[in-house]
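Secondary and tertiary structure notes
As a plain string of letters, each chain reads:
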Amino acid sequence: MNHSEGCGLTLPSRSTWHRVDENSMETYTRVPLPLSSFVIEHHPRLGSAHQVMMKISHPFERGCAIRNSIADYVAKVRACARRAKHKKPLVSAFNLQQRHNVRWRQFFWSLPLVLLSGVQASWAQPATYDVLISHARIVDGTGAPWFTGDIGIVGERIAAIGQLRDATAKRLIDARNLVAAPGFIDLQGQSEFNLLVDNRAASKITQGVTTEITGEGTSIAPVNERLLEDLRDNATKYGVALDWRSLDEYLKRLDRARPAINLGTFVGAGGIRTYVIGKDKRAATTEELAQMRELVAGAMEQGAFGVSSALEYVPDSFASTEELVELAKVAHKYGGVYFTHQRSESDQIFPSLEEVFSIARSAGLSTTIWHLKTAYRESFGKMHQVLDRIKEARNQGIEVAASVYPYTRASNGLVACFPTWVSEGGTGKMLERLQNPDERARVRKEMNEPSSTWDNEWLGSGGAQGVALIQVVNPDLRKYEGMDFEEIGRRMGKDPEDAAMDIAIADRGNSQVVISIMEEADVRAAVLDPLVSYGSDSPAQAEDGPLSTTKAHPRAFGTFPRILAQYVRTEHGMRLEEAIRKMTSQAASRVGIVDRGILRPGMAADITVFDPATIRDVATYNEPLHYSTGVKYVFVNGRPVVLDGRITSERPGHGLRGPGYLARH
């Protein structure tokens, strides 16, 4: 029997509707607002739970009103469930795919499942789950007020949410006085290489992070020998085989590494430029730009979520606005987005913002500014103006937002403290310049004077005292880790600028530093703004193992707990529900992830359970390698990676693929 026929759940519409044959496994289209109508179908082939599926049909019309009230829909769903012969029907959205370039990010707000999710608990009892999280304060990721309830997990998916009093489970989690939220999404995770070294992602899961998005400027793939050479020093240090070339090959390699978290990536415009042109300061030829577009298209088809840039750094800084627009247009064709480290975060920030808006407008795609900041003393106090400018752009129809990390110090490569011309042409040429006495003198001079052509991080940090060395590849340099360059210069018997250049030479440009460039009032304004999501801008590390042998920026260990502890619990700057929304559904919507970031039946079971009274960051600038506290349980794809505050042996994460791949598969 076709139970949907018996329940009469095909709703009228002026559009042509079709049913899914119950013997098929057809994929489902994401739906933009407003939704015109929908069909509930019963599919007996969807596993032992025998789910009642929700088929979303989209007539590609705007302005259609929902014909019947939600109450009528709910009544019909309940009636259909009663008539079904199976004992455990589950309402879910399943195997969502992007088609016809539909704007996916409105999925969260248009899906009737959001309105119907409470129905399941009333007619699916009793049931048995793999995991039952009971008596939790559920913060669902939408910004709605918390409510007390239970969450049932079957396999990799959330099966039910509500009062599941009579349910049983293989694993029972008593979450009394704890908050259950969607797993946090780190919008700038940077762990694509480190997960191949240590798959625990320890510093991230202890924060409640279940998914990372990465690929700033230069992504992990596609790569050729030129790009692999930049990875070789770290690969040799950690014993990682560089055995991938395409994004598809990397994602398969990642899955074989069995990471604890999920990871998705952009294709980096800077990496694409290096692949085709190298690190030369010149415009791409017509033929080179065509090859760059082809590489972006290939990465999008293999699963990239969009294209990214890091315009402050070589080689991205050599790209024109027009070049970036052309690559962004390719990403948009596949339903992708654009993320950027904008060209200036200091005295040229407003022209830099205009470039961001221009790219978003010209390419017609959603754009997010990574780690938004107003850097260096001359820009302190300008964050409210920057946020106002972003809101003005949105009022003009430009879809732009931002992310931030909650710290006043940044972190990047030591070579970013040198003028950009030093890095032109690649590592070999950089080392030659830094060993040439005349060019060293020029570097030393430019490091200590203002510039309108590059963001002088050395000067902007207040000089040597504001720049601290945190990571090196060369073991002979480890004795300097944790020191600022004033101290390093004294230890080496050199001027700090010469010490910095000599360390860059000895470490072949691989050294990482922490720089003091922001003030707290600006950081707070960005953290609290409704348009701003969060990203650590740091790879996963650990208190032990191979990734514990270097220092770190404390944001690698504490970004998300710090927001909840300082800005929510201590300062009362925003509601807990709002902070969670920004960490989850808003983050997912910026990238294009449709099955995570919200607690609803049918969504992936990425769940973080924490104590709102004790969650806090412990890592400091002087002692960064310390896990945050207060996160009690973390589930990734339905399996526990943290139990009662302890890291488990589970490694259920995998590579996530974006809209270009999903549309083809």
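A quick note: this is a predicted structure, and the numbers were derived from the prediction, not measured. In this convention, every chain numbers its residues from 1, walking through the sequence in written order. Given that the model is predicted, a residue must reach a pLDDT of at least 70 before its local features are reported, and side-chain atom pairs must reach 80 or more before they are shown or counted; all residues, however, enter totals for whole chains, interfaces and linings. In computing side-chain values, all of the structure's heavy atoms are included and hydrogens and water are not.

Now for the overall build of the protein chain. Each helix and strand in the protein chain was counted, giving 23 helices and 26 strands. Per-residue accessibility, obtained with a 1.4 Å probe over protein chains only, is compared with the maximum for each type, and a residue is labelled buried under 20%, exposed over 50%, and partly exposed between these values. Among the 665 residues that make up the protein chain, the fraction classed as buried is 62%. Contact between two residues is taken to exist if any of their heavy atoms lie within 4.5 Å; hydrogens are not considered. Summarising the internal contacts of the protein chain: among those between residues at least 6 apart in sequence, 76% fall at separations of at least 24. Accessible area for the protein chain stands at about 24200 Å²; split by element, carbon and sulfur atoms hold 47% of it. Per the convention used, a helix needs a DSSP run of H or I reaching at least four residues, while a strand needs a run of E reaching at least two, with both numbered from the N terminus. Reported accessibility uses the Shrake-Rupley method at a 1.4 Å probe radius. Residues are deemed covered only where the shown protein chains occlude them.

When DSSP locates at least two bridges between a pair of strands, those strands are taken to pair. One open sheet accounts for 3 strands, arranged E11-E12-E13; its pairing is parallel. The sheet is open, and its two edges are formed by strand E11 (184–186) and strand E13 (262–265), each paired on a single side. Looking at each pair of strands side by side, their axes are set apart by 20° on average, direction ignored. Pairing analysis gives 3 bridges linking E11 to strand E12 (residues 209–214), with the strands arranged parallel. Paired with phenylalanine 184 across the two strands is valine 209, which belongs to E12. Helix axes are fitted only over the stretch in contact, all axes being lines through C-alpha atoms; the angle between N-to-C directions runs from 0 to 180 degrees.

Take helix H18 (residues 496–506) next. Counting buried positions over the 11 residues of H18 gives 9, a clear majority of the element. Those residues of H18 that sit buried are Pro496, Glu497, Asp498, Ala499, Ala500, Met501, Asp502, Ile503 and Ala504. As for H18, its buried residues are in contact with helix H14 (427–435), helix H15 (437–446), helix H16 (457–460), strand E20 (467–471) and helix H17 (485–492). Following H18 by one or two positions, arginine 508 has its phi on the positive side, about 50°.

Tracing the backbone through its elements, the reader meets aspartate 611 in the loop between strand E23 (607–610) and strand E24 (631–636). Sequence separation between aspartate 611 and lysine 632 is 21 residues; the distance between their C-alpha atoms is 7.1 Å. Those residues in contact with aspartate 611, other than ones at most four positions away along the chain, are Asn177, Leu178, Gly630 and Lys632.

Here we come to the packing of aromatic side chains. The pairing test for Phe, Tyr and Trp rings, Trp by its six-membered ring, is centres within 6.5 Å, and the orientation test on the planes gives stacked under 30 degrees, edge-to-face over 60, and tilted for anything in between. For the structure on display, the rule yields 9 aromatic pairs. Summarising the aromatic geometry, the rings of phenylalanine 339 and tryptophan 370 are spaced 5.3 Å apart at their centres and angled 65° between planes, so their arrangement reads as edge-to-face. Placement of the pair is phenylalanine 339 in strand E16 (residues 337–341) and tryptophan 370 in the loop between strand E17 (367–369) and helix H13 (383–395), with a sequence separation of 31 residues.

Another aspect to go through is the packing of H14 against H15. Relative orientation of the contacting elements H14 and H15 amounts to 90°, with a least axis distance of 5 Å. In terms of orientation, H14 and H15 fall into the roughly perpendicular class. Between H14 and H15, the residues in contact are Arg433, Leu434 and Gln435 and Pro437, Glu439, Arg440 and Val443, respectively. The nonpolar class holds Ala, Val, Leu, Ile, Met, Phe, Trp, Tyr, Cys and Pro. Asp, Glu, Lys and Arg form the charged class, and all remaining residues, Gly among them, are polar. The residue makeup of the contact of H14 with H15, split by class, is 3 nonpolar, 1 polar and 3 charged. Orientation labels follow simple angle bins: below 35 degrees gives roughly parallel, above 145 gives roughly antiparallel, 65 to 115 gives roughly perpendicular, and whatever is left gives oblique.

Time to look at the pairing of strand E7 (residues 147–154). Across 6 bridges, strand E6 (residues 128–138) lies against E7 in antiparallel orientation. Paired with leucine 132 across the strands is glycine 152, a residue of E7. Relative to strand E8 (residues 157–162), E7 is paired through 5 bridges, and the arrangement is antiparallel. Its bridge partner being in E8, glycine 152 is matched across the sheet by alanine 160. Taking the residues that link successive antiparallel strands as the turn, the E7-E8 hairpin has 2 residues, and the phi of glycine 155 there is positive, at about 60°.

By size, the foremost hydrophobic cluster in this structure holds 129 residues, and its most contacted members are Phe184, Tyr250, Phe418, Phe485, Leu564, Ile580 and Phe610. The residues contacting tyrosine 250, other than those within four sequence positions of it, are Glu192, Leu196, Ile220, Ala221, Trp244 and Leu263. In these notes, a set of buried Ala, Val, Leu, Ile, Met, Phe, Trp, Tyr and Cys residues joined through side-chain atoms within 4.5 Å is what counts as a nonpolar core.

Now for the confidence of the model for the protein chain. Residues at a pLDDT of 70 or more form 81% of the protein chain, whose mean pLDDT is 86. Confidence scores labelled pLDDT are given residue by residue by the predictor and lie between 0 and 100. Below pLDDT 50 for its whole length, residues 1–74 participates in 183 contacts with residues either more than four positions away or in separate chains. Counted against residues more than four places away or in other chains, residues 83–125, with its pLDDT under 50, gives 154 contacts.

Moving on to the side chain of lysine 204. With respect to the helices, strands and loops of the structure, lysine 204 is situated in helix H6 (residues 202–205). Taking the relative accessible area as the measure of exposure, lysine 204 reaches 0% and is therefore buried. Among the polar contacts made by the side chain of lysine 204, one reaches the side chain of serine 536 at a distance of 3.4 Å. Excluding residues within four positions of it along the chain, lysine 204 makes contact with Asp186, Gly189, Ser191, Val209, Glu212, Ser536, Ser538, Pro539, Ala540 and Ala556. Think of a polar contact as two N or O atoms within 3.5 Å of one another; within protein, one of them needs to be a possible hydrogen donor and the other a possible acceptor, and neighboring residues in sequence only count if both atoms come from side chains.

Before going further, it helps to examine the pattern of salt bridges. Definition used for salt bridges: Asp or Glu carboxyl oxygen within 4 Å of a side-chain nitrogen of Lys or Arg. With the rule as written, the count across this model stands at 44 salt bridges. Between arginine 389 and glutamate 392 there is a salt bridge, with its nearest N and O atoms 3.5 Å apart. Note that arginine 389 and glutamate 392 are positioned in helix H13 at a spacing of 3 residues, about one turn of the helix. Of the residues examined, glutamate 392 reaches a relative accessible area of 42% and is grouped as partly exposed. Taking the shortest distance from any N to any O, the salt bridge between glutamate 487 and arginine 491 comes out at 2.8 Å. Here glutamate 487 pairs with arginine 491, and both are found in helix H17, just 4 residues apart, close to one helical turn. Through salt bridges with shared partners, a single ionic network connects Arg440, Arg444, Lys494, Asp498 and Asp502.

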